[in-house]
Amino acid sequence: MVSEAYGQSNDRDRVLDATDLVALIGESVPLKAKGREHVGLCPFHDDRSPSMAVVTHKGNAFYKCFACGASGNAIDFMINYHRMDFPDALRYLAQRAGIELQQRGGGESTRDESADLRKAMQVALRFYRRALADAELGAPSRAVLDARGISSSMREAFQLGAAPASWDRFVEHLGRLAEHARTKDELPEQGVFERSGLVRQGQRGPIDGFRNRVIFPILDELARPIGFGARKIDPEDEPKYLNSPESPIFRKGRTLYGIHAAKKPIIDSKVAIITEGYTDVIACHAAGFTNAVATLGTALTREHARVLQRLCETVILLFDGDEAGQRAADRALETFFAVPVDVRICTLPDRLDPDDLLRQPDGAVRFKAALDASVDALVHLVAGFRERLAERPGAAGRQRVIEEMCQRLGAMGIGDVPALRRRTVLQELSRVCDVPVHELEAALPRPRAAAAADTRADGSGPLPQAPLAPVEPVLLSGPQFRARSMAERDLLAVLLAAPEVAVQRIATPDGDSLPVHELYAPGVFLDPVARTLWTALHARLEAGLQTTVQDVMADCGEPTAKNLAAQLFSKGVARCEAPGGALARLTEAVADMERVLARVSEPTPQAVDDLRRRIDELKAIGRRPTAIMRSAREDR
Ligand SMILES: [Zn+2]
């Protein structure tokens, strides 16, 4: 017992010692050297600025995320990122480092179904690959691959195989393996092969699950077989493709074919190309587009999107022809709303699929041109809305189009995406449609969580809406604008220097008490540079994310806004040291803001009339009272 425990911890230490943690994590997450550490985007939360450090000095080797707190060693990384269990992670890392584990057998007798399935898949993969190489058994499959121009290096890279044209070749093979197996652990029992579709029960006993088919092994990120795709050879056979059934190690909705070969190129190029079939992926790789993967006969799911967003910034979806269009773009957008990746739609010429296109003499050139001409999916989506906005110039018509667009976005799930992502999507929409963000925000269905929080526990109804008063700069004369701009910058300075006070509720002159980000929507800020800065800071506060000045600078992108952030940060630090500290400065800054806002938001009689008309219009198209109230306040 003692020696067993010793053996296991010994194995663990040896594996950890022999593992280069930076190389291991670097295969999954792009890392950059920074001093004695490496840093990268944390794969365990929705990270926008590199929050994860990989520390490997003075005998240490661990990763740590300063935002979400994820941390651990190489084994933890395999468990948490690659979803392995402990024995599996240990075995994988040992194999990777070329270490023989001392502790065999004992721990493995309690192996779970996943380990058995993996073993069964390995046994089958070896069988199919040997069959493809066999002069007689592999001939029909080789003929298919030859006809499609799939080279021997691609057959190797994708570990292609052949299921012989026989009822029970594989079953016989398993029988022979069972005779020679020395322990029960070497070969899973037959039930495992049946559950994974490799063996079926025929009328007179077990038969092969795949017969007379070309085998496309489906490999996970670590190039381990988790399932098989099998293409028919005989035209009479149905269906064209047979796939392994889902299992604890094989979920179609999160698996991408070709990921084992495409992962590194996707990380390096920051772009993933999504095709629809096995041969499309292989054709892309053969032509040098090694960042291509395919879904397994399903539409792209959110799980796929999450896998991809860990690896890249842009996803290009290939469609072979005019069916592509709006519907496909919509579906893709719906999938990707929740994750911070850009999605582009690429339509290939002449309704060709990638495989057919790339086999033409100038195929690679035309393929590249099509990729370069791909259209941002969001642009694709809003193009239709923009046209309709142009068709309806009146205020009521325009409002209705915005309403419809926002309802559609709501139906597509935008209400449930993280605040930061929603902000990005709205800013993009705002840019493309030329509608201010606050107008879109007001028309959107409220996120479920926020809507729930809106109703007080004592049933006294919704909380008062935050005062939102965007005012056109043209209404302000020079000195007024300067006063406003100064107040905005003072507020930013305090919040950048002391983001921790942002959660404090601030009393406003009209008796409200709210955190500062609920007090001022981004549209309130008038100075365009300050507004960019506040938009970034606001989104972080709203999402409850960390808010260092570096984070905000990274989010706001524009150099002028970054400069202002740095400038205001030092100003704020100096100011917050004064007696009373950061909270006192924040209260002052808010009071200043309220003063300058009050000076320009006295409604004129003309404005009141406009407002009444607008409310009637809104009522006519059936908006909820809160939305009307909110619009009313914005229109002041
Ligand atoms: Zn994290």
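Structure's up top.
## Examining the overall build of the protein
Consideration 1: Helix and strand content of the protein: 28 helices and 18 strands.
Consideration 2: Burial analysis of the protein (636 residues in total) assigns 49% to the buried set.
Consideration 3: Counted over contacts in the protein with a minimum sequence separation of 6, partners at least 24 positions apart contribute 65%.
Consideration 4: Surface summary for the protein: the accessible area is close to 30,300 Å², and the carbon and sulfur share equals 51%.

## A look at the packing of aromatic side chains
Consideration 1: Going through the model one piece at a time under the given rule, you end up with 17 aromatic pairs.
Consideration 2: Here the aromatic rings of F44 and Y81 are separated by 6.4 Å at their centres, their planes lie at 90°, and the arrangement is edge-to-face. A residue pair is termed long-range when its members are at least 10 positions apart, and F44 in the loop between strand 2 (37–40) and strand 3 (52–55) and Y81 in the loop between helix 3 (74–80) and helix 4 (86–97) qualify at 37 residues.
Consideration 3: For F44, a relative accessible area of 27% corresponds to the partly exposed category.
Consideration 4: Chaining the aromatic ring pairs together yields one cluster made of F127, Y128, F170, F193, F210 and F228.
Consideration 5: Residue placement shows K64 over the ring face of F66; its charged tip is 5.8 Å from the ring centre.

## A look at the packing of helix 18 (residues 419–433) against helix 23 (residues 528–543)
Consideration 1: Their axes nearest at 8 Å, the elements helix 18 and helix 23 cross at an angle of 145°. Listed contacts from helix 23 to A419, L420, R422, R423 and Q427 of helix 18 are T535, H538, A539, R540, E542 and A543.
Consideration 2: Among the residues making up the contact of helix 18 with helix 23, the classes are represented as 4 nonpolar, 3 polar and 4 charged.

## Description of the packing of helix 5 (residues 113–133) against helix 8 (residues 169–180)
Consideration 1: Interaxial distance between helix 5 and helix 8 falls to 11 Å at its minimum, and their mutual angle equals 120°. In terms of orientation, helix 5 and helix 8 fall into the oblique class. Handedness of the crossing formed by helix 5 with helix 8: right-handed. Touching V123, A124, F127 and R130 of helix 5 are R169, F170, H173, L174 and L177, all from helix 8.
Consideration 2: Across the contact of helix 5 with helix 8, the residue classes tally to 6 nonpolar, 1 polar and 2 charged.

## Notes on the pairing of strand 10 (residues 225–232)
Consideration 1: Among the 8 residues that make up strand 10, 8 are buried, leaving the element largely enclosed by the rest of the structure.
Consideration 2: Two elements, strand 9 (residues 213–219) and strand 10, share 7 bridges in a ladder whose sense is antiparallel. Across the sheet, P217 pairs through a bridge with F228, a residue of strand 10.
Consideration 3: Here strand 9 hands over to strand 10 after 5 residues, with A223 in that stretch at a positive phi of 65°.

## Here's the deal with the sheet that holds strand 4 (residues 62–65)
Consideration 1: With respect to topology, 5 strands assemble into an open sheet ordered 1-2-3-4-5, the strand pairing being antiparallel. This sheet does not close on itself; its edge strands, each paired only once, are strand 1 (32–34) and strand 5 (71–72).

## Structural notes on the pattern of salt bridges
Consideration 1: Scanning the model with the defined rule gives 25 salt bridges in all.
Consideration 2: D88 is paired through a salt bridge with R118; the nearest N and O atoms lie 3.5 Å apart. Placement of the pair is D88 in helix 4 and R118 in helix 5, with a sequence separation of 30 residues. Of the two residues, D88 and R118, both sit in the buried class.
Consideration 3: R398 serves as the salt-bridge partner of E439, at 3.8 Å between the closest nitrogen and oxygen. Residue E439 is found in helix 19 (residues 437–443), and its partner R398 is found in helix 17 (residues 395–411); the two are separated by 41 residues along the sequence.
Consideration 4: Judged by its relative accessible area of 17%, E439 falls in the buried class.
Consideration 5: Relative accessible area serves as the criterion here: at 28%, R398 is assigned to the partly exposed category.
Consideration 6: One network of salt bridges, with partners in common, ties together D88, R91, R118, D220 and R224.

## Observations concerning the coordination of the zinc ion
Consideration 1: In this structure, C42 (SG), H45 (ND1), C65 (SG) and C68 (SG) serve as the protein donors to the zinc ion, at separations of 2.1 to 2.3 Å.
Consideration 2: Geometry at the zinc ion is tetrahedral, judged from the 4 donor atoms that bind it and their angles of 102 to 118° at the metal.
Consideration 3: When the donor residues of the zinc ion are listed from N- to C-terminus, their spacing reads C-x2-H-x19-C-x2-C. Of the two residues, C42 is situated in the loop between strand 2 and strand 3 and C65 in strand 4; the sequence distance between them amounts to 23 residues. Note on accessibility: C42 and C65 belong to one class, buried.

Criteria and cut-off values
Residues numbered from 1 in each chain as written. Predicted model: local features only at pLDDT ≥ 70, side-chain atom pairs only at ≥ 80, totals over all residues. Heavy atoms only, no water. Helix = DSSP H or I, 4+ residues; strand = E, 2+ residues; numbered from the N terminus. Buried < 20%, exposed > 50% of the residue type's maximum accessible area, 1.4 Å probe, protein only. Contact = heavy atoms within 4.5 Å. Areas by Shrake-Rupley, 256 points an atom, 1.4 Å probe, with all protein chains shown as cover. Phe/Tyr/Trp six-rings, centres within 6.5 Å; stacked < 30°, edge-to-face > 60°. Lys NZ or Arg CZ within 6 Å of the ring centre and 35° of its normal. Axes fitted to C-alpha atoms, helices over the stretch in contact; angles between N-to-C directions. Nonpolar A, V, L, I, M, F, W, Y, C, P; charged D, E, K, R; others polar. Parallel < 35°, antiparallel > 145°, perpendicular 65-115°, else oblique. Left-handed = near helix turned anticlockwise from the far one by under 90°. Pairing = 2+ DSSP bridges. Salt bridge = Lys/Arg side-chain N within 4 Å of Asp/Glu carboxyl O. Donors = N, O, S within 2.8 Å, 3.2 Å for Na, K, Ca; no water. Tetrahedral: all angles 85-135°; square planar, octahedral: opposite > 155°, others 65-115°.

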